[in-house]
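# Structural features, examined
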2 protein chains.
Amino acid sequence: MSSIGIKDVAAIAGVSITTVSRALRNPGRVSKATRERVLAAVSEAGYTPNKLGVSLRTAKSGNIVAIIPDVGDSFNFGVIRAIEKAANNHGYSVLLGDTHGSQERERAYAEMVRSRHADGVILFSQHLPFDIDPQQPAAQQMPPLVNSCEPVAVPGIPTVTIDNVAAAREAVDHLIGYGHRNISVITGDMESPSSQDRLLGFRQAMQAAGLAINERHVIHGAYTVENGQASTNQLLLRRDRPSAIFCFSDEIALGCYSSLQEHGFRVPADMSVMGFDDIRYARHFSPPLTTVAQPVEAIGTYCVELLLKVMNGETLEKTRYILPHELVVRGSTRQL
Amino acid sequence: MSSIGIKDVAAIAGVSITTVSRALRNPGRVSKATRERVLAAVSEAGYTPNKLGVSLRTAKSGNIVAIIPDVGDSFNFGVIRAIEKAANNHGYSVLLGDTHGSQERERAYAEMVRSRHADGVILFSQHLPFDIDPQQPAAQQMPPLVNSCEPVAVPGIPTVTIDNVAAAREAVDHLIGYGHRNISVITGDMESPSSQDRLLGFRQAMQAAGLAINERHVIHGAYTVENGQASTNQLLLRRDRPSAIFCFSDEIALGCYSSLQEHGFRVPADMSVMGFDDIRYARHFSPPLTTVAQPVEAIGTYCVELLLKVMNGETLEKTRYILPHELVVRGSTRQL
């Protein structure tokens, strides 16, 4: 007798071979009832689908690779979780590519698609990990890729992000509305488009309110707790201290809290602090952090759904998807 | 002319075909100089190694799958990061399997090994995702698997963990040493071996000090911020309030802080709080959290190195690897 194959499973389940294949490789595409019928038949037949074999015939690995500079960051992490969930609903698995900020590692992970180890890339970085001719349409020169949060400066690449300029403007407007005039910012990495956009939003809001920007109060930093602490130390040394600090991420704000507490400042009585991201811990800071919420769940889901469309050769309606943000006012900012 | 192959790359690089293959599939195993020579030759030859093809011949996917009940948990997350780093050093990628606590999803991820989509499993759960005969040696009935932090109750499975009983005992001894007599605990999920062991350590320490345990002060919870908050609310309602709360994770402690702050209690003046894990944010809580540090980096590295040994068919010296923990005293506990 020949070995048990997909045909036997189809016969037992009473469905077509295509349906069995789809149920096994792309369970999100079949009904729950069908999926259960197929799984029961697989179990009855004692069939072990050989994913690599299936993959080679269809040129699909069933994997998506997420390329991220720092997986440890709580914001990135929320997006990854949403990506994992959405991918899984469509029968895909997520390969985790933490690059620790190295462009060499970004490229190594991106190569997994060319070598058919993954079917598509979700990129959390402004560095495109492929060499392309800027004169030609980007999409035709690359494996399937969707860019998340930190837009690559090449047109035509599908990008999912929020409007960081508008979001920062709203954050600063909130502080100005509370009577703050002397406002500092602690930025993320100034290489990153998100940080550049947030700084632009800050400048626009200050200018619109007719407020001067003290350039010594604009601290160029990095998206880390440690930077938040060191940069706040730097600000507290100044003779003309600000009354409010706008941190470009909640992790920066957490470091800012540490510095303020260490030096005897109370939040918000002595200093208002504004964050950005609304990571899951932000509501549990002491005091709970006022911040700009990014829709992590929607960002992750959009990234996966757009990537699947690109992988299926569909044409996207547009390449830039701007999702809504939301100002969340909690206890770390106060009316002057 | 035939298509460009691994032979051409080997000829250009002046190394053997085996070395090229190793450099591409397992870069950690060759010197940096060799790796660079091979990569330059790959680039010169315009060769795209077909990982799926290579994999099928060698029956290796180059992937490790990490099965985790909740990837969003900061402690798990630190371990995942270490796993990703260690795996990458050995030329492996990590597939992220977030099960959201579902045993069905645990099994689906574990099946990736049988279907050759992954070469081995690192399991963060006490549920073994394979059916085995308990009368027979476990290792012979399963694909390569290493168990992390939450030991499976089956002998013979390689496990990397800390001594949770001893660690909890030390945590409680610290509180007793500070003069606390009325000590509460908020546990994690009581299904989890780590939570059972920490509760045993608590009981041992109280008993050794001749202190009575008020069973109404032992709140059975879950490893989440939300549980920490709700359980602390419950404790604060009691007429006989504790003077110290031992939280079985730092996330629980963060929720505990939220509840205490909401109800006007100062930490540590009105209540001492002890955590567990030493997640990266713990030192930035207000006040910085006294906790038990788990060696996340070492746990992740050990898991990968043991799994590679199992995958290579090597015999392990032992199956239970207990790594050292450390009590970290910060500002959230005080002498009564």
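Residues numbered from 1 in each chain as written. Chains lettered and ligands numbered in written order. Predicted model: local features only at pLDDT ≥ 70, side-chain atom pairs only at ≥ 80, totals over all residues. Heavy atoms only, no water.

### Some details on the overall build of chain A
The criterion, for reference: Only DSSP runs of H or I reaching four residues or more are called helices, and only runs of E reaching two or more are called strands; each is numbered from the N terminus. Think of it in three bands: with a 1.4 Å probe and only protein chains considered, a residue is buried below 20% of the maximum accessible area for its type, exposed above 50%, and partly exposed in between. Residue contacts follow a heavy-atom distance rule, with two residues in contact if any of their heavy atoms lie within 4.5 Å. We get accessible surface area from the Shrake-Rupley algorithm with a probe of 1.4 Å; when it comes to residues, only the shown protein chains can shield them. In this count, Lys and Arg are taken as positive residues and Asp and Glu as negative ones, while His and the chain termini are left out. In plain terms, the charge of a residue is placed at NZ if it is Lys, CZ if Arg, CG if Asp and CD if Glu.
Within chain A, the secondary structure is distributed over 11 helices and 12 strands. Along the first, second and third principal axes, the C-alpha atoms of chain A reach 85 × 45 × 30 Å. Counting only residues that meet the buried cut, chain A has 58% of its 336 residues in that class. A sequence separation of at least 24 residues applies to 73% of the contacts in chain A between residues at least 6 apart. Here chain A has roughly 13,900 Å² of accessible surface; of this, 49% comes from carbon and sulfur atoms. Across chain A, 32 positive and 34 negative side-chain charges occur, with their mean positions spaced 4 Å apart.

### Re helix α5 (residues 74-89) of chain B
Turn by turn, an α-helix covers 3.6 residues, leaving residues three or four places apart pointing in a common direction. Residue and element names in this part refer to chain B. The line we're drawing: A helix is expected to span 1.5 Å multiplied by its residue count minus one. Polar contacts, as used here, are pairs of N or O atoms within 3.5 Å; protein pairs need one atom able to donate a hydrogen and one able to accept it. Residues neighboring in sequence count only if both atoms are side-chain atoms.
When the terminal C-alpha atoms of α5 are compared, their 23 Å separation across 16 residues agrees well with the 22 Å that a helix rising 1.5 Å per residue should span. S74, F75, N76, F77, V79, I80, A82, I83, E84, A86 and A87 are the residues of α5 that are buried. The backbone nitrogen of F75 has a side-chain oxygen 3.0 Å away, supplied by the residue at the start of α5, namely D73. Just downstream of α5, G91 is the residue with a positive phi angle, here 85°.

### A word on the nonpolar core
Our working definition: The nonpolar core is taken to be a set of buried Ala, Val, Leu, Ile, Met, Phe, Trp, Tyr and Cys residues, with the residues joined through side-chain atoms within 4.5 Å.
F246 and V273 of chain A together with F246 and V273 of chain B are the most contacted members of the largest nonpolar core, which has 146 residues in total. Filtering out sequence-adjacent residues up to four positions away, V273 of chain B remains in contact with I245, C247, A253, C256, Y257, L260, V267, L289, T290, S332 and T333 of chain B. The next biggest cluster of nonpolar side chains, apart from the first, holds 35 residues, and it includes A138 and M142 of chain A together with V113 and L123 of chain B.

### Some points on empty space enclosed by the protein
Put simply, the test is: With a 1 Å grid laid over protein atoms only, a set of points is called a cavity when a 1.4 Å probe fits there but cannot get out and a pocket when it is open yet has protein on both sides within 12 Å along at least five of seven lines; lining residues have an atom within 4 Å of a point. Grid points are joined across faces, edges and corners, and a volume is the space filled by probe spheres set on the points.
Enumeration according to the criterion identifies two cavities of 30 Å³ or more in this entry. Lining of the largest cavity is provided by L254, Y257, Y281, H284, F285 and S286 of chain A together with L254, Y257, Y281, H284, F285 and S286 of chain B. Of all the elements in the fold, those that place two or more residues in the lining of the largest cavity are α10 (250-262) of chain A together with α10 (250-262) of chain B.

### With respect to the packing of aromatic side chains
The test is simple: Each pair of aromatic rings taken from Phe, Tyr and Trp, with Trp reduced to its six-membered ring, is defined by centres within 6.5 Å and is described as stacked if the planes are under 30 degrees apart, edge-to-face if over 60, and tilted in the remaining cases. Charges are assigned to positions over rings by a cutoff of 6 Å between ring centre and Lys NZ or Arg CZ, combined with an angular limit of 35 degrees from the ring normal.
Taken as a whole and assessed by the stated rule, the structure comprises eight aromatic pairs over all chains. A centroid spacing of 5.0 Å and a plane angle of 50° characterise the contact between Y281 of chain A and Y281 of chain B, whose relative ring orientation is tilted. Here Y281 of chain A is found in the loop between β9 (272-274) and β10 (291-293), whereas its partner Y281 of chain B is found in the loop between β9 (272-274) and β10 (291-293) on a different chain. R280 of chain A extends its terminal NZ or CZ atom over the ring of Y281 of chain A, reaching a point 5.5 Å from the ring centre.

### Side note on the packing of helix α7 (residues 164-177) of chain B against helix α8 (residues 193-208) of chain B
Residue and element names in this part refer to chain B. The cut-off we apply is this: Axes here refer to lines fitted to C-alpha atoms; in helices the fit is confined to the stretch in contact. Angles between the N-to-C directions go from 0 to 180 degrees. In this scheme, roughly parallel covers angles under 35 degrees and roughly antiparallel covers those over 145, while 65 to 115 is roughly perpendicular and the rest are oblique. By convention, the crossing between two helices is left-handed when the near helix turns anticlockwise from the far helix through less than a right angle, and right-handed when the turn is clockwise. Residue type decides the class: Asp, Glu, Lys and Arg count as charged, Ala, Val, Leu, Ile, Met, Phe, Trp, Tyr, Cys and Pro as nonpolar, and the leftover types, Gly among them, as polar.
The N-to-C vectors of α7 and α8 enclose an angle of 40°; their axes lie 7 Å apart at closest approach. With respect to each other, α7 and α8 are oriented oblique. Note that α7 runs across α8; the crossing there is right-handed. Contact residues: α7 offers N164, V165, A168, R169, V172, D173 and I176, while α8 offers S194, D197, R198, L200, G201, F202, Q204, A205 and M206. Looking at the contact of α7 with α8, its residues break down into eight nonpolar, four polar and four charged.

### A short note on the environment of S272 of chain B
As for its position among the elements, S272 of chain B is in strand β9. With residues up to four places along the chain from it excluded, the contact list for S272 of chain B reads L175, H180, S243, A244, I245, S332, T333 and R334 of chain B.

### As for the domain arrangement of chain A
The test is simple: Bear in mind that the domain bounds are from an automatic or database domain assignment.
Each domain of chain A was delimited in the assignment, giving domain 1 (6-49), domain 2 (63-160 + 297-321) and domain 3 (164-294). The C-alpha-based centres of domain 1 of chain A and domain 3 of chain A are spaced at 54 Å.

### With respect to the pairing of strand β2 (residues 93-98) of chain B
Residues and elements named next belong to chain B. Put simply, the test is: Two strands make a pair as long as DSSP finds a minimum of two bridges between them. By convention, orient the strands away from the viewer: a clockwise path from the first strand over the helix to the second makes the crossover right-handed.
Among the six residues in β2, six count as buried, and that is most of the element. Neither face of β2 is open: one carries S93, L95 and G97, the other V94, L96 and D98, and all of them are buried. The pairing of strand β1 (residues 63-68) with β2 spans six bridges and is classified as parallel. Within β2, the position partnered with V65 by the bridge is L95. Once you follow β1 into α5 and on to β2, the crossover reads as right-handed.

### Some thoughts on the relation of the copies chain B and chain A
Applicable threshold: Residues below a pLDDT of 70 in either copy are left out; the C-alpha atoms of the rest, at least 70 in both, set the least-squares superposition of the copies.
Rotating chain B by 180° about the axis while translating it 0.0 Å along that axis superimposes it on chain A, leaving an RMSD of 0.1 Å. Interpreted geometrically, this transformation is the action of a two-fold axis. Every residue of chain B has its C-alpha some distance from the rotation axis, and the shortest such distance is that of L95 of chain B, at 2.3 Å. By residue overlap, the copies meet face to face through one surface: 100% of the interface positions of chain B are interface positions in chain A.

### Some remarks on the pattern of salt bridges
Residue and element names in this part refer to chain A. Using the following cut-off: By convention in these notes, a salt bridge is any Lys or Arg side-chain nitrogen within 4 Å of a carboxyl oxygen on Asp or Glu.
Counted by the stated rule, this structure contains 18 salt bridges over all chains. Close ionic contact of E297 with K85 constitutes a salt bridge, the shortest N to O distance being 3.5 Å. In this pair, E297 is assigned in helix α11 (residues 296-311) and K85 in helix α5 (residues 74-89), connecting sequence segments 212 residues apart. We classify E297 as partly exposed; its relative accessible area is 45%. Classification of K85 by relative accessible area gives partly exposed; the value is 37%.

### Here we look at the packing of α5 of chain B against helix α11 (residues 296-311) of chain B
All names here are of chain B. Viewed as axis vectors pointing N to C, α5 and α11 meet at an angle of 45°, and their least axial separation amounts to 7 Å. Between α5 and α11, the angle is such that the two are oblique. Viewed along their axes, α5 and α11 form a crossing whose handedness is right-handed. Contacts between α5 and α11 involve F75, G78, V79, A82, I83, K85, A86 and A87 on the former and, on the latter, V296, E297, I299, G300, T301 and V304. Along the lines of polarity and charge, the residues of the contact of α5 with α11 split into nine nonpolar, three polar and two charged.

### Here's the deal with the interface of chain B and chain A
Keep this limit in mind: Once two parts are joined, some of their accessible surface, as seen by a 1.4 Å probe, is lost; buried area is that loss totalled over both.
Chain B puts 51 residues into the contact, and the matching count from chain A is 52 residues. With both chains or domains summed, chain B and chain A bury close to 4,500 Å², and 53% of this area falls on carbon and sulfur atoms. The tally of links between chain B and chain A comes to six salt bridges. For R81 of chain A, the salt bridge is made with D98 of chain B, and the minimal N-O distance between the two is 2.8 Å. Counting residues per element, the ones that place at least two in the side of chain B that touches chain A are α4 (51-58), α5, β2, α6 (103-114), α9 (225-236) and α10 of chain B. Per element, the largest residue contribution to the side of chain B that touches chain A is seven residues, and it comes from α5 of chain B.

### Things to note about helix α9 (residues 225-236) of chain A
Helix length check: α9 of chain A (12 residues) gives 17 Å between terminal C-alpha atoms against 16 Å at 1.5 Å per residue, within 8%. Here the buried face of α9 of chain A lies against β6 (183-186), β7 (218-219), β8 (244-247) and α10 of chain A.

### Some points on the sheet that holds β8 of chain A
Residue and element names in this part refer to chain A. The strand order across the open sheet built from four strands is β7-β6-β8-β9, with neighbouring strands paired in parallel fashion. The two strands at the open ends of the sheet, each matched to only one other strand, are β7 and β9. Examined bridge by bridge, β8 and β9 share three bridges and lie parallel to one another. What sits directly across from A244, in β9, is S272. On the sheet, helix α8 (residues 193-208) packs against β6 and β7 and is oriented at approximately 170° with respect to β6.

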